[in-house]
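# Per-entry structural report
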Amino acid sequence: MLEVLPVAIRNFDEARYLESNPGARTALTSGEAVSALDHYLRFGIDENKHSTIRRETGTVACSVERYLVSESGFCLIIGWLADEGCETPRMKLIGGEFTIELPPAACFRQARKDVEQHVRDGAYDYGFVAFGQSPSKTLLKQSLLFQVASLTGTFQTKVTPEIVSDKRVLNTLLQIIATCEAHSGKQAALNGFLCGASGKALIQLFRSHVTSAVSSSYVERFRPRKVSSSFVTVLFGSTEPIKLQPMLFRASGIDFGEWIYVCNSPEDADEVLRYARLMSDLYDVMITVIVLGDNAGFGAANNVAIDHAASSRIFIINPDVYAVPAYARQMKQVLAEAKLGKTLWGGLLFYDDHNLMHSGMFIDNDSFVRRNSLNRTDDSLLAPYGRLLRVEHFDKGVPFSEREWQKPKTVPAITGAVMGFERPLFEKLGGFSTRYIYGHYEDADLSLRWSALNGPVCIHPQIRLVHLEGQGSRARGEEYRGASIANRYFFTAEHGDYFDKHLAKTSRRAP
């Protein structure tokens, strides 16, 4: 018989175990087990029958470092818990007349080197972040009891909320997403959190912020007139484009009609309005400025601009996109056409006159695998592996060949740096989705929805512009990197099934 270590269990209730486990009684009768304790040690523990042991509750080391509650009732709890068990701890907020249990999917664990050095070295994800929204805006704006129970013990402490804006909670969580690390793997730790209920709550938090940012927008038109096209550009942290773009397009002989500039950084509003007046007077062009109350992100800002457009033919132009004199004739030809039809048009974007930056986008995916952290949580929260969709560009850095671009090409998606479409079809889709925080993936999302409901997504061979990649805005802060990371999970959750079903149409093989 195999030699095993002797185990003694205090407070084992043999009668209760046999009463609750018919299989144990059968094993005793058949001789498979010599006693109830023998059966429990060899089978019952592995079957997770913990209730037969009367546990003496201990205290586990824990700390709640921040408890933020926003004006709309969103809460963010940041701290650490020195548990080393294999089960997800239960966390609660307890008030005088209510209890709120934080579901496992509302939390994710992160590595905390400072705690590891203080408690125990090793691959332990001691840190925790819990996030959610209360059904009431005021319920959580009071001192509460925070209680946690794990296999290693319990802990409770009084927490007093920091009452902050929605944006403060949003940016704080995004900064954590950008900078966190996990022994189980960052992608694995964030996947269940962002692709489930917490991700939906984070999207709702951003939409709450967007509603506030656009509700008090200021609109001013300079030299208004009837136009056949409206160019739309979103500014953030930079005012130079409003001085350069209208001038360079007019210098190339391109009549853009109306140019709408949306100022996503209200601190720049005075300068933007002053430049708009100057440029419209100097070049006799129509410029419209829309100043938002705060950064509402790329999608929402464009939606607001298109609502105010003086024409139904819309061209979205990034602030770092400029006319190429060598190809001005082709661009003038596009603008002279009556309508854009049912197609969502993209263009050829260049580094210079001869080298493409890209010509449309395709979708790929990357796999990730959970690592073996010592205090991994249960598999329902941390899947052993997963995937994230990724947007890539065709022809990046490839020398331009005129022969290859004699007619339009259908592509899976186009970049938001240059888009052309008819406004009614854009409005039919509800515009850009505001599920993507600040920026990234709205263009690919719109492309997939457009091809499913409106018509083709194509590269127009005559739309040829220079794109000074990454120079269009000045987004400083880890919250913007965190938003880009979160948006990739949101895009995967929204379009993962579509990608799997239409691999040939959305991947690199599409053209």
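Up top you'll find the structure we're talking about.
Residues numbered from 1 in each chain as written. Predicted model: local features only at pLDDT ≥ 70, side-chain atom pairs only at ≥ 80, totals over all residues. Heavy atoms only, no water.

On to the packing of aromatic side chains, then. Applying the stated rule across the entire model yields 25 aromatic pairs. Arranged with centres 5.7 Å apart and planes meeting at 5°, the rings of Trp259 and Tyr261 form a pair that is stacked. A relative accessible area of 0% places Tyr261 in the buried class. When the centroid spacing of 6.0 Å and the interplanar angle of 70° are considered together, the rings of Tyr327 and Phe400 count as edge-to-face. Highlighted residues: Tyr327 in the loop between β15 (321-323) and α11 (328-336) and Phe400 in the loop between β19 (385-393) and β20 (409-410), separated in sequence by 73 residues. (Phe/Tyr/Trp six-rings, centres within 6.5 Å; stacked < 30°, edge-to-face > 60°. Buried < 20%, exposed > 50% of the residue type's maximum accessible area, 1.4 Å probe, protein only. Helix = DSSP H or I, 4+ residues; strand = E, 2+ residues; numbered from the N terminus.)

Across the two faces of strand β7 (residues 144-150) the burial differs, with Leu144, Phe146, Val148 and Ser150 buried and Leu145, Gln147 and Ala149 not buried at all. With five bridges joining them, strand β3 (residues 90-94) and β7 adopt antiparallel strand pairing. Residue pairing across strands places Lys92 opposite Gln147, the latter belonging to β7. Examined bridge by bridge, β7 and strand β8 (residues 153-159) share seven bridges and lie antiparallel to one another. Pairing of Ala149 across the sheet is with Thr154, part of β8. Here β7 folds back onto β8 in antiparallel fashion, the turn holding two residues. (Pairing = 2+ DSSP bridges.)

Taken together, five strands build an open sheet; the order of strands is β5-β6-β2-β1-β9 and the sheet is mixed. In this open sheet, the two edge strands, each paired with only one partner strand, are β5 (107-110) and β9 (162-164). Taken over all neighbouring pairs, the strand axes of this sheet differ in orientation by 20° on average, direction set aside. Where strand β1 (residues 62-70) lies against β9, three bridges are found, and the strand directions are parallel. Across the sheet, the residue bridging to Val69 is Ile163, located in β9. Relative to strand β6 (residues 127-133), helix α7 (residues 197-215) is tilted by about 60°, and along the sheet it contacts β2 (74-81) and β6. (Axes fitted to C-alpha atoms, helices over the stretch in contact; angles between N-to-C directions. Contact = heavy atoms within 4.5 Å.)

Bringing the sheet that holds strand β4 (residues 99-102) into the picture now. If you walk across this open sheet you meet the four strands as β4-β3-β7-β8, and the pairing is antiparallel. Of all the strands in the sheet, just β4 and β8 have a single pairing partner and so form its edges. Each strand of the sheet is rotated relative to its neighbour by a mean of 20°, with strand direction disregarded. Looking at chain direction, β3 and β4 are connected through four bridges and run antiparallel. Of the residues in β4, the one forming a bridge with Met91 is Leu102.

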